[in-house]
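Chain residues, written in single-letter form:
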Amino acid sequence: MKKSLLSGLIALSMAATLNAATVATVDGVAITDTEVNALLAVTAPGATIDKIPADAKKQVINSLIDRKLIIKDAQAKGIDKDAEFVQALANVREQVLVEAYMKKIFDTMKASDADAKTFYDKNKEMFNQPASARARHILVEKEADATAIISQLKGLSGDALTKKFAELASTKSIDKGSASQGGELGWFGQSQMVKPFADAAFALKNGQISQKPVKSNFGYHVILKEESKPAGTIPFNDVKEQIVHQLKMEKFQQNIKAQTDALKAKAKIEYK
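What counts as what
- Residues numbered from 1 in each chain as written.
- Predicted model: local features only at pLDDT ≥ 70, side-chain atom pairs only at ≥ 80, totals over all residues.
- Heavy atoms only, no water.
- Helix = DSSP H or I, 4+ residues; strand = E, 2+ residues; numbered from the N terminus.
- Rg over C-alpha atoms; globule rule 2.2 N^0.38 Å.
- Areas by Shrake-Rupley, 256 points an atom, 1.4 Å probe, with all protein chains shown as cover.
- Patch = residues over 30% accessible without salt bridge, like charges linked within 9 Å, V, L, I, M, F, W, Y side chains within 5 Å.
- Salt bridge = Lys/Arg side-chain N within 4 Å of Asp/Glu carboxyl O.
- Buried < 20%, exposed > 50% of the residue type's maximum accessible area, 1.4 Å probe, protein only.
- Pairing = 2+ DSSP bridges.
- Expected span 1.5 Å × (residues − 1).
- Bend = angle between axes of the 7 residues up to and from the residue.
- Contact = heavy atoms within 4.5 Å.
- UniProt positions renumbered as here; feature names shortened; annotations may be inferred.
- Arc of directions from axis to C-beta.

Caption draft 1: Structural detail: the overall build of the chain. Along the chain, the regular secondary structure elements total 10 helices and 8 strands. A compact globule built from 272 residues would reach a C-alpha radius of gyration of about 19 Å, whereas the chain, at 28 Å, exceeds it by more than 25%. Expressed as lengths along the three principal axes of its C-alpha atoms, the size of the chain is roughly 70 × 55 × 40 Å. Surface exposure of the chain reaches about 17800 Å², of which carbon and sulfur atoms provide 55%.

In structure tokens, the structure reads:
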């Protein structure tokens with residue numbers, strides 16, 4: 001099951017009880033590296049205290065310091081005794097209880113690699129993928145500007161071409177989104193781009209740039225095709241885990257429905 005924001009916040013609240021290194025104190029109360037990592041898990045998945053720059057680390061620690069101070073002041077003012085707070089806490093408790101109940105059931109669901117392979121073999125059309133390409137582009141308003149850029153790239157190949165292309169994209173492209181990435185557009189299918197661009201990109205060989213400006217309704221493009229993948233079926237091993245999870249989720253949903261139906265049958269329910 002997907003990790004929820006609530007689960008992340010619960011992890012944060014539990015972090016202080018774990019064996020961890022202290023990174024700061026607030027009126028004698030420790031803030032640990034585990035608390036930092038728990039907060040990062042919510043705000044920047046994949047980041048950890050040992051992998052972020054010093055200024056980012058200090059920013060996260062400062063946010064935890066603020067949190068500790070707010071908690072202390074709220075308790076001093078008796079906010080944790082307010083009816084609104086007590087009700088909110090009860091609501092959170094119920095939500096955590098539901099999540100724990102669901103997880104306990106989901107964790108009992110089984111789906112083997114053999115089950116996944118059977119599903120894959122019976123549903124191969126689900127795993128067909130169209131031809132795709134990965135490319136960079138430089139977008140300019142005037143054809144003459146595009147022609148001049150092509151001239152600057154003439155004779156280059158391999159890493160030298162990619163490096164120079166990225167430099168020109170960052171300074172000359174009016175597509176600011178891709179310009180900041182050196183013109184990188186990532187992977188795309190032919191139907192995902194406007195036709196003139198797609199036709200030109202898919203006609204290029206890997207590592208080749210367009211020899212003439214490519215006109216679209218956005219302007220004039222210079223294209224560098226980096227890689228390509230032919231149309232075909234995604235290999236089983238690439239989707240096995242996805243299928244296993246899907247099969248477990250289907251069993252989980254059926255199980256939950258059966259359990260809730262049984263609970264409803266025993267309960268006295270009145271609509272008013």
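Continuing now.
Caption draft 2: Main features of a nonpolar patch on the surface. Together, Ile79, Phe85, Val86 and Leu89 line one region of the surface with nonpolar side chains, adding up to about 330 Å² of accessible area. Positionally, Phe85 belongs in helix 4 (residues 83-106). Overall, the relative accessible area of 32% leaves Phe85 in the partly exposed class.

Caption draft 3: Broad picture of the pairing of strand 4 (residues 132-140). For strand 4, the buried fraction is high: 8 of the 9 residues fall into the buried class. Of the pairings in the sheet, the one linking strand 4 to strand 7 (residues 219-229) comprises 9 bridges and is antiparallel in character. Following the sheet pairing, Ile138 is matched in strand 7 by Val222.

Caption draft 4: Geometry of the pattern of salt bridges. Tallied over the full model, the rule gives 16 salt bridges. Lys103 is paired through a salt bridge with Asp107; the nearest N and O atoms lie 2.7 Å apart. Accessibility expressed as a relative area gives 41% for Asp107, which makes it partly exposed. A salt bridge links Arg134 to Glu226; its shortest N-O distance comes to 3.1 Å. Here Arg134 is found in strand 4, whereas its partner Glu226 is found in strand 7, with 92 residues between them in sequence. Glu226 sits in the buried class, given a relative accessible area of 17%. Where salt bridges share partners, they join Arg134, Arg136, Glu184, Glu226 and Glu227 into one cluster.

Caption draft 5: Highlighting helix 10 (residues 236-266). A rise of 1.5 Å per residue sets the reference length of helix 10, with its 31 residues, at 45 Å; its end C-alpha atoms lie 44 Å apart and thus fit the reference within 8%. At Gln242, helix 10 shows its maximal kink, close to 30 degrees. By the burial criterion, the buried members of helix 10 are Phe236, Val239, Lys240, Ile243, Val244, Leu247, Phe252 and Ile256. Elements that come into contact with the buried residues of helix 10 comprise helix 4 and helix 5 (113-122).

Caption draft 6: Structural context of the UniProt feature "domain: PpiC" (unreviewed entry) in the chain. Mapped onto the present numbering, the UniProt feature "domain: PpiC" (unreviewed entry) falls at residues 130-227. Between the C-alpha atoms that bound residues 130-227 the distance is 14 Å, and the span itself is 40% helix and 28% strand.

Caption draft 7: Structural detail: helix 9 (residues 195-203). Within the span of helix 9, buried status applies to Phe197, Ala198, Ala201 and Phe202. Taken around the axis of helix 9, the buried residues stretch over an arc of 115 degrees, which confines them to a single face. Away from its buried face by more than 90 degrees, helix 9 exposes Lys195 and Ala203. As for helix 9, its buried residues are in contact with strand 4, strand 5 (184-189), strand 6 (214-216) and strand 7.

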